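Remarks on the overall topology
Spelled out, the chains give:
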Amino acid sequence: MVFPSKPYPCPYTEAVSIAENLDRVREELAAACARAGRKPDEVRLMAVSKTHPPASIQEAYAAGQRLFGENRVQEWQAKAPELADLDGLEMHLIGPLQNNKTGKAAELFGGIDTLDSAKTAIRLNSAAASLHRVLPVLVEVKLSPEETKHGVAPAELPALLDEVAALGSLRLAGLMTVPPLEAQAGAARPYFRRLRELRDEHCVQHPTLRDLSMGMSGDFPVAIEEGSTIIRVGTAIFGRREPV
Ligand SMILES: *Cc1c(COP(=O)(O)O)cnc(C)c1O
């Protein structure tokens, strides 16, 4: 391969497009479903757009992507106006929700996927009620004892599920987890399996508890094999993030 000698953007190292990345992720999603004996439409692909500009979201949307995830309320608040004309774009919050942001979150997001306390649930429910909406939520479960991780401990999950289920303006849609950082790829499997077991255990009492949001760029095929219904993929679609 001959590289250009001038410092122009190098065509050989040019990043592949978001549309091409999406195609590849969709293929890998379908292949993992086939291995697991599941139908590809049982698993939704969420494109995680945090730190990426509105233009990248637009590009993914043009390639057919509709479900997106952002980590911070303010970041989405800043990007949303530019994307207001994208019909059917569904943005979920996948980062921690502070109690003073529940009002904005209920207004700006199509779903909150990181609910982990009754206090936040009650505030979010009032916010959704005053907007006359029913907001789908996932409860985030913490499956490792790491201090820094968000989420409710499995022992406290039953009580939280009961509380959330009793709130009329929230719809308890499922569970979400982020395995510990050191559990890369295949090592995350036990965490994914545990989340599915918890869902299976609690969906008897809470029949709307259906979704399992688990699996990211490095491990989503494993998560699909373990029953994931929503994979959250950032890097494999949008490329590397600048450190923040
Ligand atoms: C950033 C993020 C993702 C996406 O991670 P990638 O490794 O870039 O695919 C998924 N879930 C959560 C909660 C995140 O914060």
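The coordinates are above.
Conventions and cut-offs
- Residues numbered from 1 in each chain as written.
- Predicted model: local features only at pLDDT ≥ 70, side-chain atom pairs only at ≥ 80, totals over all residues.
- Heavy atoms only, no water.
- Helix = DSSP H or I, 4+ residues; strand = E, 2+ residues; numbered from the N terminus.
- Buried < 20%, exposed > 50% of the residue type's maximum accessible area, 1.4 Å probe, protein only.
- Contact = heavy atoms within 4.5 Å.
- Areas by Shrake-Rupley, 256 points an atom, 1.4 Å probe, with all protein chains shown as cover.
- Lys, Arg positive; Asp, Glu negative; His and termini not counted.
- Charge placed at Lys NZ, Arg CZ, Asp CG, Glu CD.
- Pairing = 2+ DSSP bridges.
- Right-handed = clockwise from strand over helix to strand, strands pointing away.
- Near = heavy atom within 4 Å.
- Polar contact = N/O pair within 3.5 Å; in protein donor to acceptor, adjacent residues only side chain to side chain.
- Nonpolar A, V, L, I, M, F, W, Y, C, P; charged D, E, K, R; others polar.
- Core = buried A, V, L, I, M, F, W, Y, C linked by side-chain atoms within 4.5 Å.

Attention now moves to the overall build of the protein chain. Secondary structure summary: the protein chain contains 9 helices and 8 strands in total. Reported as C-alpha extents along the three principal axes, the dimensions of the protein chain are approximately 65 × 40 × 35 Å. Among the 244 residues that make up the protein chain, the fraction classed as buried is 47%. Looking at the protein chain alone, contacts between residues at least 24 apart form 59% of all its contacts between residues at least 6 apart. Accessible surface computed for the protein chain: about 12,200 Å², of which carbon and sulfur atoms make up 54%. Taking the average place of the 28 positive charges on the side chains of the protein chain and the average place of its 32 negative ones, the gap between the two points comes to 1 Å.

Two strands pair when backbone bridges link them, and strand S2 (residues 67-70) and strand S3 (residues 90-93) are joined in this way by 4 bridges, in the parallel orientation. When the sheet's bridge partners are listed, Glu70 is paired in S3 with Leu93. Since S2 and S3 lie parallel, the crossover through helix H3 (residues 73-79) that links them has a hand, and here it is right-handed. Bridge count for S3 against strand S4 (residues 111-115) is 2 bridges, and the pairing is parallel. Pairing of Leu93 across the sheet is with Ile112, part of S4. Remark: the S3/helix H4 (residues 102-108)/S4 crossover connection has right-handed handedness.

Around the ligand, 13 residues are found, and the nearest of them are Lys50, Ser217, Gly234, Thr235 and Arg241. A distance of 2.5 Å separates an oxygen atom of the ligand from a polar atom in the side chain of Ser217. In the model, an oxygen atom of the ligand is placed 2.8 Å from a nitrogen or oxygen of the Gly234 main chain. Protein coverage of the free-state accessible area of the ligand, which is 390 Å², stands at 87%. Counted by class, the shell around the ligand contains 6 nonpolar, 4 polar and 3 charged residues.

Our focus in this paragraph is the nonpolar core. The biggest cluster of nonpolar side chains holds 61 residues, and the ones touching the most others in it are Ile112, Leu124, Leu170, Leu175 and Ile237. Broken down by element, the residue count for this core peaks at 6 residues, all from helix H1 (residues 18-36). The contacts of Ile237, once residues within four sequence positions are left out, are Ile18, Asn21, Leu22, Val25, Leu45 and Ala47. Ranked by size, the runner-up nonpolar core spans 8 residues in total, among them Leu138, Ala173, Met176 and Ile230.

Inspection of the secondary structure assignment puts Ser169 in the loop between helix H6 (157-165) and strand S6 (170-176). Residue Ser169 is classed as buried on the basis of its relative accessible area, which comes to 13%. When sequence neighbours within four positions are dropped, the list of residues in contact with Ser169 reads Asn125, Ala128, Ala129, Arg133, Val134 and Leu135.

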